[in-house]
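# Observations on chain architecture
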Amino acid sequence: MFAVIKTGGKQYRVAPDDVLEVGKIAGEVGTIVQLNEVLVVGGDTPVLGVPTVAGASVAVEVLDHKRGPKVIAFKKRRRKNSRRKRGYRDEITVLRVTEILTDNAKPTKGPRPKKEKVAKEASKEAAE
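Values in this document were obtained by computation on a predicted structure and should not be read as measured data.

What follows deals with the overall build of the protein chain. For the protein chain, the helix and strand inventory stands at 1 helix and 8 strands. For the protein chain, the α and β elements follow one another from N to C terminus as β-β-β-β-β-β-β-β-α. In summary, the protein chain has a C-alpha radius of gyration of 21 Å against a globular reference of 14 Å for 128 residues, an excess of more than 25%. With the C-alpha coordinates of the protein chain rotated into their principal frame, the extents come out at 65 × 65 × 25 Å. Buried positions account for 28% of the 128 residues belonging to the protein chain. Looking at the protein chain alone, contacts between residues at least 24 apart form 65% of all its contacts between residues at least 6 apart. Total accessible area on the protein chain is roughly 9600 Å²; 49% of this is exposed by carbon and sulfur atoms.

Counting residues in each nonpolar core, the largest one holds 19 residues, and the members touching the most others are Ile5, Val14, Val38, Val58, Val60 and Leu95. Sorting the residues of this core by element identifies β1 (2-7), β2 (10-14), β3 (19-23), β4 (32-35), β5 (38-42), β7 (57-77) and β8 (82-101) as the ones contributing at least two each. If we ignore the near neighbours within four places in the chain, the residues touching Ile5 are Lys10, Gln11, Tyr12, Val14, Leu35, Glu37, Val38 and Val58.

The strand order across the open sheet formed by 4 strands is β3-β8-β7-β4, and the pairing between neighbours is antiparallel. Here the strands that pair on one side only, and so sit at the sheet edges, are β3 and β4. Between one strand and the next, the sheet's axes are offset by a mean angle of 45°, whatever the strand orientation.

This part covers the sheet that holds β2. Strands sit in the order β2-β1-β5-β6 across an open sheet of 4 strands; the sheet is antiparallel. A single partner strand is all that each edge strand has here, and the edge strands are β2 and β6 (47-48). Bridge count for β1 against β2 is 5 bridges, and the pairing is antiparallel. Considered in β2, the bridge of Val4 is made with Arg13.

We now examine the side chain of Thr98. Inspection of the secondary structure puts Thr98 in strand β8. There is a polar contact of 2.9 Å between the side chain of Thr98 and the backbone oxygen of Ala59. Setting aside residues no more than four positions away along its own chain, Thr98 makes contact with Pro16, Ile32, Ala59, Val60, Glu61 and Lys109.

Calculation notes
Residues numbered from 1 in each chain as written. Predicted model: local features only at pLDDT ≥ 70, side-chain atom pairs only at ≥ 80, totals over all residues. Heavy atoms only, no water. Helix = DSSP H or I, 4+ residues; strand = E, 2+ residues; numbered from the N terminus. Rg over C-alpha atoms; globule rule 2.2 N^0.38 Å. Buried < 20%, exposed > 50% of the residue type's maximum accessible area, 1.4 Å probe, protein only. Contact = heavy atoms within 4.5 Å. Areas by Shrake-Rupley, 256 points an atom, 1.4 Å probe, with all protein chains shown as cover. Core = buried A, V, L, I, M, F, W, Y, C linked by side-chain atoms within 4.5 Å. Pairing = 2+ DSSP bridges. Axes fitted to C-alpha atoms, helices over the stretch in contact; angles between N-to-C directions. Polar contact = N/O pair within 3.5 Å; in protein donor to acceptor, adjacent residues only side chain to side chain.

Okay, here's the thing in structure tokens:
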């Protein structure tokens, strides 16, 4: 099963357990957020929205908030000694799709438990 969602003015084709980077979304790291603008729900019988599918949503887990690569906007007017250099970095949220919901269903899966970092502690004890 897959879905096409719209967030931040862009459209993404997603399936369960996909990890994607989108424009910044409000939500703490490790929480489940529902995205309600679902344009298509695919599978055995695809459902197209007009413009969105009624009662459909996609539950995602917020993995991280970060900043994208630096983009530099440089403008120069030749022979005028005029130039302007500006740069910016987009705010990005990393999401993992947990499930695709239809018929106004609520998310059943919670956030995944975090893996504990055992390897580093074991290597410190071995070094001593």
